[in-house]
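Examination of the molecular architecture
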Amino acid sequence: MIGKIFHFIANRTAALSMKLLFGYSSRIYVVGCEHINCTGGFLLASNHISHFDPPIISSVARRKIDWMAMAEFFPIPGLGHFLRAVDAFPAARDRADRKTIRSAIERLKDGRIVGVFPEGGIRDGARSLLGGAPLRRGASTLAHMAGVPIVPCVILGSDRLYAKRNWLPLRRTPVWIAFGQPISHFPELEKSVARARIEQELADGFQRLYAELRRKFQLTRDDLPHPPRERMRSQPKNPRRRLHRAAANAVDFAMCVSMNLVQSRHRLNGRSAEEMDRYVVECEKLTPHEYYAAPKDVGLIAAIQTGNGFSLTWRSPIETEFPRNNVARADFFPCGRGKAAPTVFMLHALMSATHIGYRRWAARFNELGWNACFVHLPYHYSRVPPGHWNGELAITADLIRNAEGLRQGVIEARQLIGALRDHGYSEFGILGTSYGGWIGALLAMVERDLRFVALMCPIVNVEHAIWQNPGTAFMRRELRRAKIAPELVARHFHLSSPLHNEPACDPARVLFVSGDFDLIARPADIDAIQQKWRGSELLRVPQGHFGYRVMRETVTRLKQRGF
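The structure reproduced in this document is the subject of the present report. All of these numbers come straight from a predicted model, not from anything done at the bench.

It is worth spelling out the pattern of salt bridges at this point. In total, this model carries 30 salt bridges according to the counting rule given. Ionic pairing is found between Arg451 and Glu427, a salt bridge with its closest N-O pair at 2.8 Å. Residue Arg451 is found in the loop between helix 15 (435-446) and strand 13 (452-456), and its partner Glu427 is found in the loop between helix 14 (399-422) and strand 12 (428-433); the two are separated by 24 residues along the sequence. Looking at Arg451, the relative accessible area reads 21%, which means it is partly exposed. The exposure class of Glu427 is partly exposed, given its relative accessible area of 34%. Among the ionic contacts, a cluster of salt bridges with common partners joins Lys64, Asp66, Asp87, Arg107 and Arg112.

Pasting the structure below:
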């Protein structure tokens, strides 16, 4: 009787202490809390980034969790008594312990929650489940033997608590936790098949929750797991970096205001929702390869044959209501090696102020032994309709025109690549910035043979670009006024949103470049697509969306990689 009273008091005291401790030290955000508070016994499987994970996860659950803890902790005076008092039980990391397995199964069949860390210890980077490391088989075996579901859990941010400064008053370090839907133990399947299925479902569940947290809370690379020793050594942020962030944010904000002012010249009529629906219905029938299919252009082929340091013009395969935009153009800058040299396509940013900087970079590429091609993207430079500004019509509240403009840019670039191939040019690279980076990412979805694809601050998450981006506030107002719902727009993402697709080219040849302080192409979105395009590289640059440092560091990195 006395033992039960002590056990009850210990549990209640521990639960209250953890809530108070982490309520003081942390600001905890939870997604999918209903999955942890459901009834019945189940296995809770979480990634493991710090020693704080079990008490933090327990502090947000209304039900008690019996954690499977490392056996090495239990002989430690005080700690071992505390762990047993809160119903934790020991598990050996290097072997299967029958006593541990029996204890876990008994608790699960008794309707309790058993918490496990399938990684077998604290992990980060490529060694972690979130980084793609394989699962240990213990969790799937245990769930199948006990006949209970598994609830996946992803925790981020708790590793920051290793830094002493994060325990100072009022710091409240953010921690993010996501619980996924229960995964069945598949009783209808044969044992080995069921366990393999559980492992696959669990691995997929971890990746979905990881991506959801990063997207929902706009997490940066610093928010993601780091080794404990690195967190312990971390120093307060450099005041100079804070100044750079403030300056970058001010520039980005000013440009977003300018973009909204430009967009205010373009309104929608009452029929646009119906028109958008018809357009999306037709597009849903198409694959990216069909949508961006590039017909050969005889005039373009002839122009390449007669030119030498020239501007190429040809009829765009997509007709718009603006005659000047229907003439595609690219400025070609050959190097001394001619056809034997690779060719880099420079895809400029939205409303790019001047082509002078790109011409300078073309000369730099010529010095490096590359041909350079500066493409006039739709509604820019020579293609600006009378009475409009450079790039003004490329992104407005008219989403159909936006999509067709992107389609024009991709198809025309593909036409140019095909025509150059016909004339003996064999290797091609893509260097895209912002809007041009968006078109470059779409090119990577349909072009297999590219030497490199360097995407600087690219627009890759179309959902954010439309519905959350500070530069499209007026656009959102018009879309809501026209009753165009996000669900309708999302039906076009299989063609227009790189984050929702996979590359056709080798991902190892893709370089994403992200601005640390970017308010438009968020670092979290660039991180997310870099993880999805597995094998690609991510380069972080301390600037906002608008700046010149990103180009210098991108070219330097391409030279280092031998591209």
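On to the sheet that holds strand 3 (residues 65-70), then. Spatially, 7 strands are ordered 1-7-6-2-5-3-4 in an open sheet, and the strand pairing comes out mixed. Single-partner strands in this sheet number two, and they are strand 1 (26-31) and strand 4 (89-91). Pairs of neighbouring strands in the sheet enclose a mean axial angle of 25°, with direction left out of account. Note that strand 6 (residues 150-156) and strand 7 (residues 173-179) share 4 bridges and pair antiparallel. Bridged to Val154 within strand 7 is Ala178. Set on the sheet, helix 3 (residues 53-60) makes contact with strand 1, strand 2 (42-46), strand 3, strand 6 and strand 7; between it and strand 7 the angle comes to about 70°. Those strands touched by helix 5 (residues 98-109) are strand 2, strand 3, strand 4 and strand 5 (113-116), and its axis lies near 135° from that of strand 4.

Each value, and the rule that gives it
- Residues numbered from 1 in each chain as written.
- Predicted model: local features only at pLDDT ≥ 70, side-chain atom pairs only at ≥ 80, totals over all residues.
- Heavy atoms only, no water.
- Salt bridge = Lys/Arg side-chain N within 4 Å of Asp/Glu carboxyl O.
- Helix = DSSP H or I, 4+ residues; strand = E, 2+ residues; numbered from the N terminus.
- Buried < 20%, exposed > 50% of the residue type's maximum accessible area, 1.4 Å probe, protein only.
- Pairing = 2+ DSSP bridges.
- Axes fitted to C-alpha atoms, helices over the stretch in contact; angles between N-to-C directions.
- Contact = heavy atoms within 4.5 Å.

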